[in-house]
Amino acid sequence: MKVAFNTLGCKVNQYETNVMIGQFINKGYQIVSFNDKADIYVINTCTVTNMSDRKSRQMLRSAKKKNINGIVVAVGCLAQIGKDELEKIDEIDLILGNEDKKQIVKYIEKYLKDKNDKIFVSDIMKQDKYETEELTTFYEKTRAIVKVQDGCNNYCSYCIIPYARGKIRSKPFEDSINEMQSIANNGYKEIVITGIHVCSYGKDLDNDISLIDLLEKINRIEGLKRIRLGSLEPTIITKEFMERLIKLDKFCPHFHLSLQSGNDKTLKTMNRKYTTEQIKNIVNIIREYYPEANITTDIIVGFPGETDEDFEITYNFLKQINLNKMHVFKYSIRKGTVASRMDNQVSPQIKTSRSDKLLNLSDTNEISHLKKYIGKQVEVLLEEKDNEYMKGFTLNYLHTKIKTDKQSNEIVKGRVVDIKNNMLIVEEL
């Protein structure tokens with residue numbers, strides 16, 4: 001039977017889709033493109049925003065149009081917290097929660113046999129140990145995404161994810177290392193370490209380990225060239241953390257800090273656990289240890305109660321700390337969160353205006369930072385062909401194009417000669 005996948009949302013979802021693909025392949029199923037006619041369509045859903053919900057539902061409905069007799073399976077975060085809503089959609093045949101999708105082949109074969117039960121969604125809040133998935137199939141071209149942690153205990157007022165993912169749970173230390181060694185053995189040069197709240201790695205384990213302990217061990221894996229981190233809670237950055245990190249020769253100095261705001265009042269209302277003064281110190285610490293670090297962030301505009309003055313404080317703060325790039329999101333009401341019940345919701349027009357202003361600042365910052373690289377030497381991990389160029393990324397995750405005869409998954413040295421469309425144009429040395 002032919003199985004097609006569509007993955008929405010974060011890198012954790014991408015990793016979990018690869019796990020599911022491996023399970024189907026091991027059982028003799030054929031994996032095809034989502035655009036092809038398949039017997040089974042699996043949509044790994046996202047629910048981080050209302051837009052994510054809408055895209056997930058659209059994708060689920062569109063799958064049935066590709067094959068009216070195909071089985072459409074909703075898995076992931078929207079399936080976890082929105083099963084009652086999804087059950088009403090005629091095009092969906094099967095709904096599996098985040099823990100249940102780990103046994104997706106079993107549930108599908110059961111459904112094929114009796115077509116009785118439609119929903120398998122376990123209570124994620126009762127899950128207190130990480131159940132290690134077995135990643136046996138690799139689909140990324142050059143960078144392997146590896147999930148080492150699940151769940152979040154922070155309960156930010158705007159976020160539904162703790163209810164979809166449960167409490168923090170860390171993959172056992174040795175399981176993590178063994179998986180990454182296997183990935184390196186398969187020829188991957190770069191690993192991206194990810195999780196729902198990856199900075200909490202180890203807090204639930206008995207042997208007093210943390211994320212930096214894991215990184216130090218990964219750094220010793222033979223064959224691996226680069227270690228990259230996903231989105232980070234800013235407070236993990238301390239001088240003690242950086243003293244150990246700077247010794248890791250394979251670490252890629254790209255820090256994506258999940259800030260969300262540059263205003264202390266808004267941060268407190270969001271239930272974020274830091275102040276702008278702490279953020280400023282954290283950014284300074286990063287630049288002290290990694291002067292060439294690429295520091296990026298996520299920002300939410302139009303959070304309930306955010307006045308024009310509040311936004312200007314955020315804007316001026318972000319202008320002051322001068323990050324390389326900002327991903328800007330307009331706040332949207334997420335049913336089930338504390339923020340959805342707050343007064344003083346901001347109008348869509350004001351959100352758009354604030355978003356545009358921050359995006360312009362981000363673009364100005366990005367171009368300014370990229371210009372500093374003209375004439376400098378960089379190392380590029382090649383990813384894909386683009387006419388006469390190869391696209392790739394530098395050590396600190398700057399997007400590049402380079403003319404070369406070398407193939408994807410090779411690292412080449414070059415000199416930056418130009419900037420086009422926010423990409424470094426590199427001449428091979």
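*Asks:* How should the packing of aromatic side chains be read in this particular structure?
*Replies:* A ring pair, where both rings are aromatic, is described by two values, the distance of the centres and the angle of the planes. Taken as a whole, this structure holds 12 aromatic pairs when the rule is applied. Aromatic pair Tyr158 and Phe303: ring centres 6.3 Å apart, planes at 85°, arrangement edge-to-face. Remark: Phe303 occurs in the loop between strand S12 (294-301) and helix H12 (308-321) and Tyr158 occurs in the loop between strand S7 (143-150) and helix H6 (161-165); sequence separation between them is 145 residues. The buried category is assigned to Tyr158, whose relative accessible area is 13%. These aromatic residues form a ring-pair network of at least three members: Phe5, Phe24 and Tyr29. The ring of Tyr107 has Lys106 lying over it, and the distance from NZ or CZ to the ring centre is 4.8 Å. Just above the ring of Tyr315 sits the side chain of Lys357; from NZ or CZ to the centre is 4.5 Å.

*Asks:* Hey, could you run me through the pairing of strand S9 (residues 190-195) in this one?
*Replies:* The two faces of a sheet get side chains in turn, since along a regular strand they alternate between them. Of all 6 residues in S9, 6 are buried, a share of seventy percent or more. Pairing geometry for S7 and S9, over 6 bridges, is parallel. Opposite Ile145, over in S9, you have Val192 as the bridge partner. Following the backbone out of S9, through helix H8 (residues 211-218) and into the adjacent parallel strand S10 (residues 226-229), one traces a crossover that is right-handed.

*Asks:* Sorry, what's going on with helix H7 (residues 173-185) here?
*Replies:* At 3.6 residues per turn, the α-helix brings residues three or four places apart onto the same side. Between its first and last C-alpha, H7 extends 19 Å over 13 residues, near the 18 Å set by a 1.5 Å rise per residue. All of the buried residues in H7 are Phe173, Ser176, Ile177, Glu179, Met180, Ile183 and Ala184. Along H7, the residues classed as buried sweep out an arc of 165° about the axis, all on the same side. Against the buried residues of H7 lie helix H1 (11-26), S7, S9 and H8. Immediately downstream of H7, the backbone of Gly187 shows phi near 95°, a positive value.

Cut-offs applied
Residues numbered from 1 in each chain as written. Predicted model: local features only at pLDDT ≥ 70, side-chain atom pairs only at ≥ 80, totals over all residues. Heavy atoms only, no water. Phe/Tyr/Trp six-rings, centres within 6.5 Å; stacked < 30°, edge-to-face > 60°. Helix = DSSP H or I, 4+ residues; strand = E, 2+ residues; numbered from the N terminus. Buried < 20%, exposed > 50% of the residue type's maximum accessible area, 1.4 Å probe, protein only. Lys NZ or Arg CZ within 6 Å of the ring centre and 35° of its normal. Pairing = 2+ DSSP bridges. Right-handed = clockwise from strand over helix to strand, strands pointing away. Expected span 1.5 Å × (residues − 1). Arc of directions from axis to C-beta. Contact = heavy atoms within 4.5 Å.

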